[in-house]
Structures are given as C-alpha cells and as structure tokens.
Amino acid sequence: MAAGGGGVADSFSPAGIPCAFSPQSQAYFALASTDGHLRVWETASNRLHQEYVPSAHLSGTCTCLVWAPARLQAKEGPQRKKRKSEAIGTSNQVDLLALGTAVGSILLYSTVKGELHSKLISGGHDNKVNCIQWHQDNGCLYSCSDDKHIVEWNTQTCKVKCKWKGDNSSVSSLCISPDGKMLLSAGRTIKLWVLETKEVYRHFTGHATPVSSLMFTTIRPPNESQPFDGITGLYFLSGAVHDRLLNVWQVRSENKEKNAVMSFTVTDEPVYIDLTLSENKEEPVKLAVVCRDGQVHLFEHILNGYCKKPLTSNCTIQIATPGKGKKSTPKPVPILAAGFCSDKMSLLLVYGNWFQPTIERVALNSKEPHMCLVRDISICWAPKVETAITKVRTPVMNSEAKVLVPGIPGHHAAIKPAPPQTEEIESKRKLGEKEVSIEERLGALDIDAKKEKDTLPQTNSFPVLLTQGLESNDFEMLNKVLQTRNLNLIKRTVIRMPLHTVIPLLQELTKRLQGHPNSAVIMVQWLKCVLTIHASYLSTLPDLVPQLGTLYQLMESRVKTFQKLSHLHGKLILLITQVTASEKTKGPTCPAQKAKLVYEEESSEDESDDELGDKDSDDNWDEDEEEKGGEKDEDVDEEEEEDAEEKDEENGEDRDVASEKELNGDSDLDPENESEEE
C-alpha cells in the first residue's frame, strides 16, 4: 500500500490547469486536463458527470474556461426549451460552458446536450485565448488574447460584435463590473473600460508580470452617504504570474491615486482564487487563494481604505498522505481548486490528480491558523489508471506502418522487410534447385548492410538525442552526441536544447571532466558553449550554487595546479632555449674538428688522383710517342733526302705502325707508368 501511495503522489497534477465551479451552489466542477479532455464532475458524489474530447484537442488545447452566469441561464432555459423542445430540466440546470483554446477559437459546450453547442472563430483572435468573461445580462461574451485585442461576441449569432486593441502587449485577464457597464482588462497595467464607448475610464499601475486574475470584491461603496454611480468606490483584486502579492485597488472619482490600497501575501504564485462579495461596509471579504505549491490560504478582512502593511492569511489548509511504517514519510497532496459554499462557512476542496480528482467539503474553523488534512487517496481508482497510462507496451506493427522519430516531425525510419526464412533456403538446397544467392544468405543471417553514414545521427537530431539521453541516462546515446569535435555543431546543439536540460547537462559534463584527459578536452568545449549561451538562464536560478558545487570545486582545483604548470612550462622553455643556444655556439668548432681529418681525406683523393693520373699518363705517353715518331721522321728525312719519294712511302708505313702503337701501347706503357708512380 505504501508503494501505491508513492505512485499516486508522483502522478499528482500540477496546479494552474483551467478549472471552475458551476455558479449555482457549486453542484459541478469542470476541469480541462492537460491531455485536452474536458471533464465535468459532480461535487456532491465525486462522480464523473460528463466527458468531452474536442476534435482538435491536441493542437488546440484548452487554455481557459468559464461557466455561463446563473441569471443568464435562468433566462435562456425556457426559451431554448420552447424553441428546440428539449428537456432542459429545472431552472437551476447548468447549461453553457465557454472554452478558450490555444489557437484562438472559443467553444461553447452544453452540459445538457452533452455536446458542442457552437464555435466562435470568424473574425476573432489569431493567438492563444487567455481569459473569457460572460456578461450577466445581455448574453455577450468578452475574450482577450495574446494578439493584444479584446473581442465582444454575440453568442446567438456566433459573430464578432466589436473588437478593439486592449494593450500594447498581450491582454491576460478580464473582469466585468457588478453593474455590467465597465470592463477591467489587464496585461501588465490595468485598464477600466466603458463598455458602451470602448474608452478607457481609469488607469492602474498593475504588476511587474502579466496579471493572471481580476475580481471585483465589493458591490457597494464603503461610503453610502454619497450617490453611487455603479463603479466609484468599488474595490477589485488582482494577482499576477510569479507574484506572491495579491493587490487590492479602489476605483476613485479622481484620477490621482493609481497604486494599490492594500495587499495580501501568500507563499507562492496564486493559481486559483475564489471570494465572497461584500454587500455592505460591515461585511468582510472572505478570500480563498490556491497557490502553486498546493496550499490554500484563507483571508478575512473588511475593506475600508488604505493599508500599508501586507496582510497575512488567517488560516492555511494543507493535505498530505499518511506515512505508513517507520521508513515511509507523509507526502503532500496538491490542492487544485477551492470554492466557498453558499453558506460561506464551508469550503469545497479539489485535490489529487486531474484524471481522478477528489472533491471534499471542509468546514471552516477560524480558530486554527493551520489545518493539515491527512487523506489516504491510494484506495481510489487513480493508481490503476496511472499504471495503465505509464506502462510502456510494444505495439504490433505491419510492414506498411511508418515510425515517427520523437522530436523530428515528418521524419520516419525505414522498416526492414522480413528476412527470408532459413528453412526455405535449406529446402532449396535439398531439392537441388537453383543455388541460393548471397543476398538471401545475408538476409537469413539478418546482417544489416546499411552504410555507416546512415547509422550516424543527423545534425538536427542532436538536441533530441541529447535530451533523451539525459532523461534516460543512456550512456551510448550521450556518447554519440558528446564525443563530437565539431565546434559549430556543438554550438547549434546547445542553442536548440531545452532549458530544463541545461542543469542535467552540466552535471553530466562534470562527471566526464573527472575522467580521461582526452575526453576532458572535448567536455571543456561543451562546457564553454553552455556557460556562454545559457548564462542568462543560469543567473536566474536561485539554487545554482549547490547544484554546480562539484563543477566549481573541480575548476578551482584545476586552476590551482595551472599556476604551477605554467611555472614549469616557463622553466622548460628556458632550458630548451639554452640547449639550442649552446649548440649554436659550438657549431663553428665542428668544421675545425673535421679539418683534422683532411689528411685522410687527401689520401683518398690521391688515390682518385692516381686513377685519374693513369689516364693522364696514357695521354702523355701517346703525346711522347707522337713526338718521338716526329723526331724519327725528321732523321729519316735528313738521311734520305735524295730518294725522297721512296722514303716518303716508308715514312707513311712507319706512321701507320706508329699509330697502331699509339692505339695499342697501353700494355707496353704500364710498367713505365708504375715506375713513374714509384
């Protein structure tokens, strides 16, 4: 049972979803859940009365809802019964419910018929509808949107009656005065409009953030001696986003005072407000404020002028589960809404989760400043539904289905065809049919023949992979993303990643920085991009220091060693420069040492010169031979001058012989060359 209670606590819905009690004795409670469904519950029996799913419940989720006022329904009931012959029921039957959507359309849902009554689209809003208000007399509907405009609708014709610009920024809240002649609108400043002329009657300072709620708290001025014009002297209440103060304003005759006359302080941002109107100056205003932290603060105060100090709550109501056993601890149960009953002495509380909320009537005891209601809601139907919703089931898919990858619209993954059975392949072999191809064999082995490029994640899927990896702590998926060295890809991924993943990414980078130095180099690039791009977001986190304490200590320890490493680096540079400088100074002595070996090098040169000398000596001997031959020729000419012709012939023969000796005289001259060398 304790485990079931924990499961229920984890499935609690966050406060701030569109919901409202019906105007007549709070008989019904309407709630538009985050899945786009509208559910109407009976407050007395805590039973689901109706459920409606709009056709565009996923694209145009419900952003606000409001019931038609009781007086208007009492008028419309009999008319519709006569016209359409429907069993409307008694005059106090709740009928119309207006729903504003995120795409700018307004739906009118009939709880009597259990279906959509009409749709207000044409000429209306272009952006999200923030607030809707019914006029209590003429049946008109007023709506405001992020498109800065206020629209007056005719619910009978479903057309725009009037449209005007309400602010320079988005208009977030509306409220109609008790007499129906004025309209309050708020973005960050609050304006009071005259509905007949659509002109601004008063300006109020407003809040620093967009106003989320506006309500008139009195229907008569405190000073009844002066004539009442329907608006002067009335008080109204305003609450804003991320603001823990509810301001009370008074409409004055002069336009001098624009600030709030008093304020109520709460523990967190108000998400649902209900109050009882003060009909005279002695009657106090009772206020029930549901905060985002799941608590209800009750105030009771007589509005009689300026109050400097913020007023604290008279009573705080909280709900928790019982802690069963020694180890289990009580867990808080968030309160979704709270509304005063008709007797003004009891309160209807709606708590739990949006799928199966619990509605309980609690009597108010003003003597106790704090009430903690212990409720065991594990016995309700919510655990079974929660288990059925969150349990992951693998769907059965055929080959024609296309799988959509999360986060990338339009991208579908190819589904591999079923591989041929190995039994069929073996039967082919046995029957002696045609030999099985290699493709069929690979298919039988179920080998994925995709290229490596297909397996790599695409650039636009990196933020999606990073988010999924951080949420599921998938080590392989994180490695695919974080091991990239492309600086531009890292920047694009960090820019496109959701803000809620910044702190988990920094914690993951801190773990990896303590690992191998090679991976730490890449992690530093990621860390630099995250800290520079998301610096403004990180500066807004109040608990940033404890979350990033490990990273700060790690960086501080690295920085401490950096100074020592820089000193060591400088000394190493000095040593290296000294070594290179000493080598340069020793450089000129190196040729002198080589000069000592010149003698040995000359001996080798002599040998080479001797070889060259042989060739030169051969040439010299040839020249000597020619000179000797020439001397012999001169001697022969002197001795045989008389017989010149005969001697010339002999000389010619001698020259031929001498030329042959010149050509073949190397062997004869070798001993002489050796003697010369010696």
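All values reported here derive from a predicted model rather than from experimental measurement. (Residues numbered from 1 in each chain as written. Predicted model: local features only at pLDDT ≥ 70, side-chain atom pairs only at ≥ 80, totals over all residues. Heavy atoms only, no water.)

On to the overall build of the protein chain, then. Of the regular secondary structure elements, the protein chain holds 18 helices and 31 strands. Split into buried and exposed, the 678 residues of the protein chain put 39% on the buried side. Long-range pairs, those at least 24 residues apart, make up 52% of the contacts in the protein chain between residues at least 6 apart in sequence. For the protein chain, the accessible surface area stands at approximately 40,500 Å², while carbon and sulfur atoms represent 52% of it. (Helix = DSSP H or I, 4+ residues; strand = E, 2+ residues; numbered from the N terminus. Buried < 20%, exposed > 50% of the residue type's maximum accessible area, 1.4 Å probe, protein only. Contact = heavy atoms within 4.5 Å. Areas by Shrake-Rupley, 256 points an atom, 1.4 Å probe, with all protein chains shown as cover.)

This brings us to the sheet that holds strand β14 (residues 182-186). Pairing in this open sheet of four strands is antiparallel, and the strands run β13-β14-β15-β16 from one edge to the other. The outermost strands of the open sheet, each flanked by one partner alone, are β13 (173-176) and β16 (199-204). Sheet twist, expressed as the mean angle between neighbouring strand axes with direction ignored, is 25°. The sheet contact formed by strand β15 (residues 190-194) and β16 spans five bridges and is antiparallel. Counterpart to Val194 in the pairing with β16 is Glu199. (Pairing = 2+ DSSP bridges. Axes fitted to C-alpha atoms, helices over the stretch in contact; angles between N-to-C directions.)

Attention shifts here to the UniProt feature "repeat: WD" (unreviewed entry) in the protein chain. Sequence positions flagged by UniProt for "repeat: WD" (unreviewed entry) are, in local numbering, residues 122-157. End-to-end, the C-alpha atoms of residues 122-157 are 11 Å apart, and along that stretch the chain is 0% helix and 50% strand. (UniProt positions renumbered as here; feature names shortened; annotations may be inferred.)

Here helix α8 (residues 475-482) has its buried residues at Met477, Leu478, Val481 and Leu482. Projection of α8 onto a plane perpendicular to its axis shows the buried side chains occupying an angular sector of 120°, all on one side. Turned more than 90 degrees away from the buried face of α8, the exposed residues are Phe475, Glu476 and Lys480. Looking at the buried side of α8, the elements it contacts are α7 (462-472), α10 (502-513) and α11 (517-533). With a side-chain oxygen lying 3.2 Å from the backbone nitrogen of Glu476, the N-terminal cap of α8 falls on Asp474. (Arc of directions from axis to C-beta. Polar contact = N/O pair within 3.5 Å; in protein donor to acceptor, adjacent residues only side chain to side chain.)

On to the sheet that holds strand β8 (residues 115-120), then. Remark on secondary structure: sheet strands pair via backbone hydrogen bonds, oriented parallel or antiparallel. Strand order in the open sheet made by the four strands is β5-β6-β7-β8, with antiparallel pairing throughout. Each having just a single partner strand, β5 (62-67) and β8 make up the two edges of the open sheet. Direction aside, neighbouring strands of the sheet carry axes that sit 25° apart on average. Where strand β7 (residues 106-110) meets β8, five bridges bridge the pair, whose relative direction is antiparallel. Across the sheet, residue Leu108 finds its bridge partner in β8, namely Ser118.

Here we come to the nonpolar core. Phe29, Val296, Leu298, Ile317, Leu347 and Leu349 are the most contacted members of the largest nonpolar core, which totals 32 residues. For Val296, the contacting residues outside a window of four places in its chain are Val289, Val290, Cys315, Thr316, Ile317, Ile335, Ala338, Leu347 and Leu349. One finds Val494, Met497, Ile503 and Leu538 within the second-largest nonpolar core, a separate group that totals 30 residues. (Core = buried A, V, L, I, M, F, W, Y, C linked by side-chain atoms within 4.5 Å.)

Quick look at α11 now. Owing to its 3.6 residues per turn, the α-helix brings residues three or four apart onto one side. Here α11 contains 17 residues, and its C-alpha end-to-end distance of 24 Å stays within 8% of the 24 Å for a straight helix at 1.5 Å per residue. Of all the residues in α11, the buried ones are Ser519, Ala520, Ile522, Met523, Trp526, Leu527, Cys529 and Val530. (Expected span 1.5 Å × (residues − 1).)

It is worth spelling out the confidence of the model for the protein chain at this point. Summarising the model, the protein chain shows a mean pLDDT of 75, and 68% of its residues fall at 70 or more. Taken together, the stretch residues 1-13 has pLDDT below 50 and engages in 25 contacts with residues farther than four places along the chain or on a different chain. The model gives residues 665-678 a pLDDT under 50, and that stretch makes eight contacts with residues more than four places away or in other chains. (pLDDT = per-residue confidence, 0-100.)

The next point concerns the packing of aromatic side chains. Scanning the entire structure with this criterion turns up ten aromatic pairs. Between Phe236 and Trp249, the aromatic rings sit 6.4 Å apart at their centres with planes inclined by 15°, giving stacked as the arrangement. Placement of the pair is Phe236 in strand β18 (residues 235-240) and Trp249 in strand β19 (residues 245-250), with a sequence separation of 13 residues. Neither Phe236 nor Trp249 differs from the other in exposure class; each is buried. Three or more aromatic residues link up through ring pairs in this structure, and these residues are Phe204, Phe216, Phe236 and Trp249. (Phe/Tyr/Trp six-rings, centres within 6.5 Å; stacked < 30°, edge-to-face > 60°.)

On to the pairing of strand β29 (residues 370-374), then. Because side chains alternate across β29, one face comprises the buried residues Met371 and Leu373, and the other comprises His370, Cys372 and Val374, none of which is buried. Where strand β24 (residues 315-320) and β29 come together, five bridges link them in parallel fashion. Each residue of the ladder has a partner; that of Thr316, found in β29, is His370.

Before going further, it helps to examine the pairing of β19. Counting buried positions over the six residues of β19 gives five, a clear majority of the element. Where β18 meets β19, four bridges bridge the pair, whose relative direction is antiparallel. By the bridge assignment, Phe236 is partnered in β19 with Trp249. What sits between β18 and β19 in their antiparallel hairpin is a turn of four residues, with His242 showing a positive phi close to 55°. Of the pairings in the sheet, the one linking β19 to strand β20 (residues 262-265) comprises four bridges and is antiparallel in character. Of the residues in β20, the one forming a bridge with Asn247 is Ser263.

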